[in-house]
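# Structural features, examined
So you can see what is in the structure, the chains are spelled out below.
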Amino acid sequence: MPDTLTKQVVEVGYGGNERLMMNMGPQHPSSHGVFRMILTLEGETVVAVDAVIGYLHRCHEKLGETLTYVQYPSIASKTDYVAAMTSELAYVSAVETIAKVEVPKRAQYLRVIAAELQRIASHCLWLGTWCLDMGGALGGGATVFLYCIREREMVLDRFEELTGARLLYGFHQVGGTRYDIPPGWDTKVRETVDFIERRIDEYEAMLERNTFFVVRTRGVGVISRELAQDVGVSGPLIRGSGVNYDVRRAEPYSSYGDFDFVVPVETAGDCYARYRVRMVEFRQSIRIVRQALDGLPEGPISSRPGVKSVGQVRVPKGEGYARVEGARGEVGCYIVSDGGPKPYRMKWRGASFSNLAVLPHIVPGHKVADVVAIMGSVDPVFGEVDR
Amino acid sequence: MSTTAADASARIRETFGVEAAVDGAMVTVVVPRELWTELAHFTNRVLGCRYFNWLSAIDWKEHGLEVVCRLENLDAGLVLTMRTRLGPGETRCPSLAGLCRGADWMERECYDMFGVRFEGHPDLRRILLSEDWEGYPLRKDYAVDTPFAPYR
Amino acid sequence: MEVKPPTPQIPAPVWTEFKDLQEWEKYHQERAPDDKTSDTLAAIADAIHHMPGGWIVTTTTEKIFNWARKSSIWPVTFGLACCAIEMMATFASRFDVERFGMVPWASPRHSDLMIVSGTVTIKMAPMLKRIYDQMPDPKWVVSMGSCANSGGPFRHGYHVVKGVDRVVPVDVYVPGCPPTPDSLMYGLLKLQEQVGEFQKTGKRPTASDPK
């Protein structure tokens, strides 16, 4: 493949003029999904990377034009399938913005609880799979993976009690939420959250005192402040590079202004900084869940109760963009409506799409093993990238 | 630099002569295609909108395509949405890839889905679909269940 | 560019005329041209089987081989989409599959089973076929989730393959969106039963056999 197709070529000065183009194919134990990287290698150092995506392009935007506002939220959860609550929330918020639908306070608090619990579950999976990639599937990586999945299963049990599903929920609808909390659920959530908080201490102790982990993540995959803003990354990637940008603070949605939490920002910009940001986010999510449960108001869970017909939500002509802080960054949905029951145009702003776009700029100069560490710390979910 | 939405709207009006609608912290500007790159440079340098959020297009059937771009100034909390109508049958649009590295993949996706040719883009090829795909799916005359033997 | 689909002439479905199932049955009754099973050994096994008293030897050997095959099916980690997360949960400690002998293995050259978990897109289908071809015989395919079974909620998309059985032959279909780890484990245990009946001398199992 000619060099004009690659983004940035770093002259390593290896001496040898043999460059190897290696394919880290769509099926790879650590590619986090279907993602293909064509690496140009000089020895063990990556000199250029061409990222090929689209292996999971499921026509979300076109299907969104054929499905009504009532039918689509279940499909919306399949964009960021690891953090399905936030994906649905982005779509439903966009519709509510255009239609100027009032969401009752209880529904807003329920949405916050669901979103933050989902963030905890998603970060559990992130930590597990990242360490699995770095440590090897048969060795130390599987340790952290199994521990994190154990915690994640507890949160998924809470979701199963709430909505009936473990992974893809269909919890949000236009105007509120679809399910209310069952009796005894908030006690169980408090117990789960207390338990997880103690376990986070364990993970931090396990990883941060491990020399291999620290050496593999410090100074690796540095995203500078300018690059982060230029490319449009969001979430832990941009907060790990020193920019204090969190959608929950920039444009508070769903009563996030009522809660007291800290947005972690690190300045180093490397994998270790992003790891620290996510570990602090764990604790802050737990804090928000506790506050939301304490302050959960009584009231209806939706301003449009019940789904009677598929075309019942009609949105006036207009357009709107709503964004939420997903586990990976800013997930946004831009809807153009022409007055019918279906959108005229729907665009997903996937957090992982912009996050992945930074890869061709930060990977060159690193070794192949560092590519694995960087991929894990970028934490892409390909439902969001390819939509 | 503290730039409010009203301030930004006034500066755009006096520099380019186009009206900029203000809605809270969001400024929406509709420009003709010729002013697209200039406005982007102005927004980046003068208004400090260095955060490239997204770029996409809308197919307005007989009115042609419209390219929409959203830029933000994270420190001031200013959001700027730039829109340009390409006109019926027209698919060329100047590229912002030289200005913002985030425009790279976003414009490739726009080309892939709508067929908008971004002039000045270093590497305009399909990103989500395979290189030999025919047709631009998100256009209104493309059916969602177009067959593709033998897979569907 | 005006691209309109032709109006599909869909005949009324009669189950036994469903082309994919017929192909599947034929696959299990006839040998494919690149099948690596040795005809000589199969002929010898058949001859021993039909000798008086020889059936004791062949059925015992078959039982031992099939027990060995079904007790250590190694799946290749082929996670495509959301179902991959539930597949990973199945491989983890709560719904452990390693107690059944299934060690998830990244390399297709060393695995027996491909669990297609997630939507197969037109761009990914040739890669899937290539991974399937790289697996040595005998190999099995489990189609996990509604996207792999039939295209799922994305069936009408232009880039989605309507079911992985248009690309590779499938042995077990596990429905769900995504199937819970319990469902997937049920499907894997059903596959183990199927593998227990593998290549019985003198009789080949098909889907229409009553169990």
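Shown above is the structure to which this text applies.
Residues numbered from 1 in each chain as written. Chains lettered and ligands numbered in written order. Predicted model: local features only at pLDDT ≥ 70, side-chain atom pairs only at ≥ 80, totals over all residues. Heavy atoms only, no water.

Moving on to the sheet that holds strand 7 (residues 330-337) of chain A. Strands in a sheet are paired, the pairing made by backbone hydrogen bonds, and the direction either parallel or antiparallel. All names here are of chain A. One open sheet holds the 3 strands; their spatial order is 6-7-8, and the pairing between them is antiparallel. Each edge of the open sheet is held by one strand with a lone partner, namely strand 6 (318-325) and strand 8 (343-349). Neighbour-to-neighbour, the strand axes of the sheet open up by a mean angle of 15 degrees, direction not taken into account. Relative to strand 8, strand 7 runs antiparallel, the two being bridged by 6 bridges. Following the sheet pairing, glycine 332 is matched in strand 8 by arginine 349. On the sheet, helix 3 (residues 84-99) packs against strand 6, strand 7 and strand 8 and is oriented at approximately 150 degrees with respect to strand 6. (Pairing = 2+ DSSP bridges. Helix = DSSP H or I, 4+ residues; strand = E, 2+ residues; numbered from the N terminus. Axes fitted to C-alpha atoms, helices over the stretch in contact; angles between N-to-C directions. Contact = heavy atoms within 4.5 Å.)

Another point: the packing of aromatic side chains. Enumeration according to the criterion identifies 25 aromatic pairs over all chains in this entry. Look at Tyr109(A) and Phe259(A): their rings are 5.1 Å apart centre to centre, the planes differ by 65 degrees, and that puts the pair in the edge-to-face class. Of this pair, Tyr109(A) sits in helix 4 (residues 105-135) while Phe259(A) sits in the loop between helix 10 (247-250) and helix 11 (271-294); the two residues are 150 residues apart in sequence, bridging distant segments of the chain. Ring centres of Tyr272(A) and Tyr275(A) lie 5.6 Å apart, and the angle between their planes is 45 degrees; on these two criteria the pair is classed as tilted. Of the two residues, Tyr272(A) and Tyr275(A) both sit in helix 11, 3 residues apart, roughly one turn of that helix. Exposure class is identical for Tyr272(A) and Tyr275(A). Each is buried. Taken together through their ring pairs, the aromatic side chains of Tyr109(A), Tyr253(A), Tyr256(A), Phe259(A) and Phe261(A) make up a single cluster. The ring of Tyr132(C) has Lys139(C) lying over it, and the distance from NZ or CZ to the ring centre is 4.2 Å. (Phe/Tyr/Trp six-rings, centres within 6.5 Å; stacked < 30°, edge-to-face > 60°. Buried < 20%, exposed > 50% of the residue type's maximum accessible area, 1.4 Å probe, protein only. Lys NZ or Arg CZ within 6 Å of the ring centre and 35° of its normal.)

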